[in-house]
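Summary of structural features
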Amino acid sequence: ADGLRSGNGGAVYWGGTGTAFTTAFTTSEGVVFSDNSTLGNSDTVKNNSGNGGAVYFAGTGTITIDSSSNITFNGNSACNSGGAIAAESGNIAFNGVTISNTNTAEYGYGGLAYSKTGRIEAENVAISKQTAVSGGAVCALTVSITNSSFDSNGDTMLNKNGGAVYVLTNGTLTVATSEFSSNKTSGKGGAIYADKANITINDSLFTSNTSPSSNGGAVNLNDNCSTTITDTTFVNNSRSEEHTSEL
């Protein structure tokens, strides 16, 4: 599916349940969302609040993108948030998939996925080359990452905070047995940015993430985050050309 429209959902605006979406778009041949956009045709695209370059999920429950659903996102872009998929309050789950084709949130959050008040889960996935102003790959109020890798996300001057992950204010982030490598931001938190959030990171690796001009080569935890980090290794992360900063 490909399309160009202003507003939410460049290809699909879904108001039903997440389960119904997954069922509707699961086929043995696969469904490809490619080059969809909510940028519109106006010269003033920055004023267009379009979310979900390919899919906007206005319903309830969880949309699941896994190996059995055979759904692919490639080259989608949102004017605001959720380059490939955005949700208002619903949840988005990625399980057992590799996403390496770039999706972009031009002026907002979550190059691949965004949920305003819901949850984004990534389990047994590899996500790379996603871009956004904040949260190069994903952004949500609650983010859970398990046995996954985030590589080379946010690697443009577009990204300001959180090269791979941005956790919204008063949110929650849980990371376990995962790796963040070569993610980059021009602002804060080469891999992860969080503000007033509950953070738990266990048995994970952060390597070669960069925040060239500001704070937190790997992780920036801003303003009263509650943080627990255990059995985790930080290697060769940098906040400038001259200095190394692991957090």
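Read on for a plain summary of the structure.

Parameters and conventions
- Position numbers for residues start from 1 in each chain and track the written sequence from start to end.
- The model is predicted, so local features are restricted to residues of pLDDT at least 70 and side-chain atom pairs to those at 80 or more, both for listing and for counting; the totals for chains, interfaces and linings are taken over all residues.
- Water and hydrogen atoms play no part in the side-chain values, which are based on all heavy atoms of the structure.
- Numbering goes from the N terminus for both helices and strands, where a helix is a DSSP run of H or I of at least four residues and a strand is a run of E of at least two.
- Three labels apply to residues, based on accessible area from a 1.4 Å probe with only protein chains included: buried if under 20% of the type maximum, exposed if over 50%, partly exposed otherwise in between.
- Only heavy atoms matter for contacts: two residues are in contact if any of them lie within 4.5 Å across the pair.
- As used in this structure description, the phrase polar contact means that two N or O atoms lie within 3.5 Å; if the pair is within protein, one of them must be able to donate a hydrogen and the other to accept it, and residues adjacent in sequence are counted only when both atoms belong to side chains.
- Between Lys or Arg on one side and Asp or Glu on the other, a salt bridge is scored when a side-chain nitrogen of the former is within 4 Å of a carboxyl oxygen of the latter.
- For two strands to count as paired, DSSP must find a minimum of two bridges between them.
- Aromatic contacts are taken between Phe, Tyr and Trp rings whose centres are within 6.5 Å, Trp giving its six-membered ring; a plane angle under 30 degrees counts as stacked, one over 60 as edge-to-face, and the others as tilted.
- To qualify as a nonpolar core, a set must consist of buried Ala, Val, Leu, Ile, Met, Phe, Trp, Tyr and Cys residues joined through side-chain atoms within 4.5 Å.

What follows concerns the overall build of the protein. Secondary structure summary: the protein contains one helix and 23 strands in total. Burial statistics for the protein: of 247 residues in total, 51% are counted as buried. Summarising the internal contacts of the protein: among those between residues at least 6 apart in sequence, 78% fall at separations of at least 24.

Looking at where T38 falls in the secondary structure, it is placed in the loop between β2 (31–34) and β3 (55–57). Overall, the relative accessible area of 0% leaves T38 in the buried class. Side-chain polar atoms of T38 contact the backbone nitrogen of C79, separated by 3.0 Å.

It is possible for side chains of opposite charge to pair when their charged atoms get near one another. Within this structure, the stated rule accounts for two salt bridges. Two residues, K116 and E88, come together in a salt bridge whose shortest N-O distance is 3.8 Å. Placement of K116 in strand β11 (residues 113–123) and of E88 in the loop between β7 (85–87) and β8 (91–95) is noted, with a sequence separation of 28 residues between them. We note a salt bridge from R119 to E121, for which the minimum N-O separation is 2.7 Å. Look at R119 and you get partly exposed, because its relative accessible area is 31%. The partly exposed category is assigned to E121, whose relative accessible area is 32%.

Across the sheet, which stays open at both edges, the six strands sit in the order β9-β12-β15-β17-β20-β23 with parallel pairing between neighbours. At either margin of the open sheet sits one strand with a lone partner, and together these are β9 (98–99) and β23 (233–235). Taken together, the three bridges between strand β15 (residues 149–151) and strand β17 (residues 179–181) define a ladder with parallel strand orientation. Looking at the pairing, D151 lines up with S181 of β17.

By the definition in use, this model includes twelve aromatic pairs. Here the aromatic rings of F33 and F73 are separated by 5.4 Å at their centres, their planes lie at 15°, and the arrangement is stacked. Of this pair, F33 sits in strand β2 while F73 sits in strand β5 (residues 71–74); the two residues are 40 residues apart in sequence, bridging distant segments of the chain. F73 matches F33 in its accessibility class, with the two residues each being buried. Between the aromatic rings of F206 and F234, the centroid separation amounts to 4.9 Å while the plane-to-plane angle is 10°, which identifies the pairing as stacked.

Attention now goes to unusual backbone geometry. Notably, N170 is not glycine yet its phi reads approximately 70°, a positive angle. As for its placement among the helices and strands, N170 is situated in strand β16 (residues 165–176). Positive phi, close to 60°, is recorded for N236, a residue that is not glycine. Tracing the backbone shows N236 in the segment after β23.

The subject of this paragraph is the environment of T230. Within the secondary structure, T230 sits in strand β22 (residues 226–230). Accessibility expressed as a relative area gives 34% for T230, which makes it partly exposed. Beyond its immediate stretch of four places on either side in the chain, T230 contacts I201, N202 and D203.

F33, F94, F150, V165 and F180 are the most contacted members of the largest nonpolar core, which totals 48 residues. With seven residues, the next largest nonpolar core counts C139, Y166, L168 and Y193 among its residues.

Next up on the list: the sheet that holds strand β13 (residues 131–134). Working definition: the strands of a sheet are paired by backbone hydrogen bonds and lie parallel or antiparallel to each other. A sheet is described by the order of its strands in space; here three strands give the open sequence β6-β10-β13, paired in parallel fashion. What marks the edges here is a single partner per strand, and that holds for β6 (77–78) and β13.

Below, the discussion takes up the environment of C79. Along the chain, C79 falls in the loop between β6 and β7. For C79 and T38, which are 41 residues apart along the polypeptide, the C-alpha to C-alpha distance reads 5.6 Å.

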